Amino acid sequence: MADREPTLIDHLEALRRTLLGCCFTVAVLFPAAYWASPYLIDALVRWSFPENAGKLHYFAPMEVFMVQLKLSLVLALGAGYPVNAFLIWRFLLPALYKHERRALKYWIVGSAVLFFSGAAFCVLAILPLLMDFAAGFAGETVRPVFGLAHFVSLAGWLMLAFGVMFQAPVAVLLAVRFGLITSDSLAGKRPYVIVGILVLAALLTPPDVVSQLILAVPTWLLFELGLALARRLERRGGN
């Protein structure tokens, strides 16, 4: 029997299997992530809290449990990313040309590496600076009382922001690859890009020059890396 053209129902069924596979991966990893979540919170506190910041507090009976549940979901999603990325890539595979498959594979891997690098950079360099800044307001009449939920939420949003900022090379390559802008035109807009990076760094970090530069300089270097790769891509004809 000759191979028939896949129908819309076939595509929807393949999508359903892919989504179920992603959910199953996260569900399998969730118990281990829940077990690890208290240790991760403890490690974050030990690493980022200065001595005068005191200890974390919780202000509702179920606050710790809910924070651990949310953190466990994030950990399970992060740990399951390689498997889920492969499932999504396999779902998209039949609709792509050979060079598009290769490019998508590189972009998925590169984007993941950059995101996790940005999140790790945030934890190692920025979070301690931010907590030092916050604890610096303490005095004889003012003492800090940090809540568990607020701290974990702050750390999570900062890690997300840094992970997104570190996507600069991928954003540049995608913009050039799909013809939204040329590498020469983007290079001509470098001053505006640098100003934008500095503004975002000022918004995402404590209000001091050192921490802003700690984010701005790597992001600018990653932008330059993306620009160099985009020029190479154009010379090769986008293949």
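In this text the structure is predicted, and so the values were computed from the model without any measurement. (Residues numbered from 1 in each chain as written. Predicted model: local features only at pLDDT ≥ 70, side-chain atom pairs only at ≥ 80, totals over all residues. Heavy atoms only, no water.)

Asker: Tell me about the overall build of the protein, and please be specific about residues and values.
Answerer: When helices and strands are counted, the protein shows nine helices and two strands. Mapped from its N terminus to its C terminus, the protein presents α and β elements in the order α-β-α-α-α-β-α-α-α-α-α. By its C-alpha atoms, the protein is 80 × 45 × 20 Å across when sized along the principal axes. Buried positions account for 33% of the 239 residues belonging to the protein. Restricting to contacts in the protein with at least 6 residues of sequence separation, those with at least 24 account for 83%. Total accessible area on the protein stands at roughly 15,000 Å², and carbon and sulfur atoms take up 71% of it. (Helix = DSSP H or I, 4+ residues; strand = E, 2+ residues; numbered from the N terminus. Buried < 20%, exposed > 50% of the residue type's maximum accessible area, 1.4 Å probe, protein only. Contact = heavy atoms within 4.5 Å. Areas by Shrake-Rupley, 256 points an atom, 1.4 Å probe, with all protein chains shown as cover.)

Asker: Explain the side chain of serine 37 residue by residue, including any values.
Answerer: By the secondary structure assignment, serine 37 is in helix α1 (residues 8-48). Its relative accessible area of 0% is what places serine 37 among the buried residues. Looking at serine 37, its side chain comes within polar contact range of the main-chain oxygen of tyrosine 34, at 2.8 Å. (Polar contact = N/O pair within 3.5 Å; in protein donor to acceptor, adjacent residues only side chain to side chain.)

Asker: Let's hear about the packing of aromatic side chains: which residues, and what values?
Answerer: Scanning the model with the defined rule gives nine aromatic pairs in all. Look at tyrosine 34 and phenylalanine 65: their rings are 6.3 Å apart centre to centre, the planes differ by 70°, and that puts the pair in the edge-to-face class. Of this pair, tyrosine 34 sits in helix α1 while phenylalanine 65 sits in helix α2 (residues 63-79); the two residues are 31 residues apart in sequence, bridging distant segments of the chain. By relative accessible area, tyrosine 34 is classed as partly exposed at 29%. Between the aromatic rings of tyrosine 81 and phenylalanine 116, the centroid separation amounts to 6.2 Å while the plane-to-plane angle is 80°, which identifies the pairing as edge-to-face. One end of the pair, tyrosine 81, is in helix α3 (residues 81-92); the other, phenylalanine 116, is in helix α4 (residues 98-135), with 35 residues separating them in the sequence. On the basis of relative accessible area, phenylalanine 116 is assigned to the partly exposed category, the value being 39%. Each member of the aromatic cluster is reached from another via a ring pair, and the members are Phe49, Phe146 and Phe151. (Phe/Tyr/Trp six-rings, centres within 6.5 Å; stacked < 30°, edge-to-face > 60°.)

Asker: I'd like a rundown of the packing of α1 against α3, residues and numbers included.
Answerer: A pair of packed helices can be characterised by two numbers: the angle between their axes and the separation between those axes. Where α1 contacts α3, the two axes come as close as 9 Å, and the packing angle between them is 175°. With respect to their mutual orientation, α1 and α3 come out roughly antiparallel. In this structure, α1 contributes His11, Ala14, Leu15, Thr18, Gly21, Cys22, Thr25 and Val26 to the contact, and α3 contributes Val83, Asn84, Leu87, Ile88 and Phe91. Counted by class, the contact of α1 with α3 contains eight nonpolar, five polar and no charged residues. (Axes fitted to C-alpha atoms, helices over the stretch in contact; angles between N-to-C directions. Parallel < 35°, antiparallel > 145°, perpendicular 65-115°, else oblique. Nonpolar A, V, L, I, M, F, W, Y, C, P; charged D, E, K, R; others polar.)

Asker: Give a description of the side chain of threonine 18 that names residues and reports values.
Answerer: Within the secondary structure, threonine 18 sits in helix α1. For threonine 18, a relative accessible area of 11% translates into the label buried. Excluding residues that lie within four positions of it along the chain, threonine 18 makes contacts with Leu87, Ile88 and Phe91.

Asker: Describe the pattern of salt bridges, naming the residues involved and giving the relevant values.
Answerer: The tally for this structure, following the rule as stated, stands at four salt bridges. Aspartate 42 serves as the salt-bridge partner of arginine 46, at 2.8 Å between the closest nitrogen and oxygen. Taken together, the positions of arginine 46 and aspartate 42, both in helix α1 and four residues apart, correspond to about one turn of that helix. Linking glutamate 224 and arginine 190 is a salt bridge whose minimum nitrogen-to-oxygen distance equals 2.6 Å. Placement of glutamate 224 in helix α9 (residues 209-235) and of arginine 190 in helix α8 (residues 190-204) is noted, with a sequence separation of 34 residues between them. Classification of arginine 190 as partly exposed rests on a relative accessible area of 25%. Salt bridges here are not isolated pairs; linked through shared partners, they connect Glu13, Arg16 and Arg17. (Salt bridge = Lys/Arg side-chain N within 4 Å of Asp/Glu carboxyl O.)

Purely geometric stuff here, so don't read any function into it on its own.
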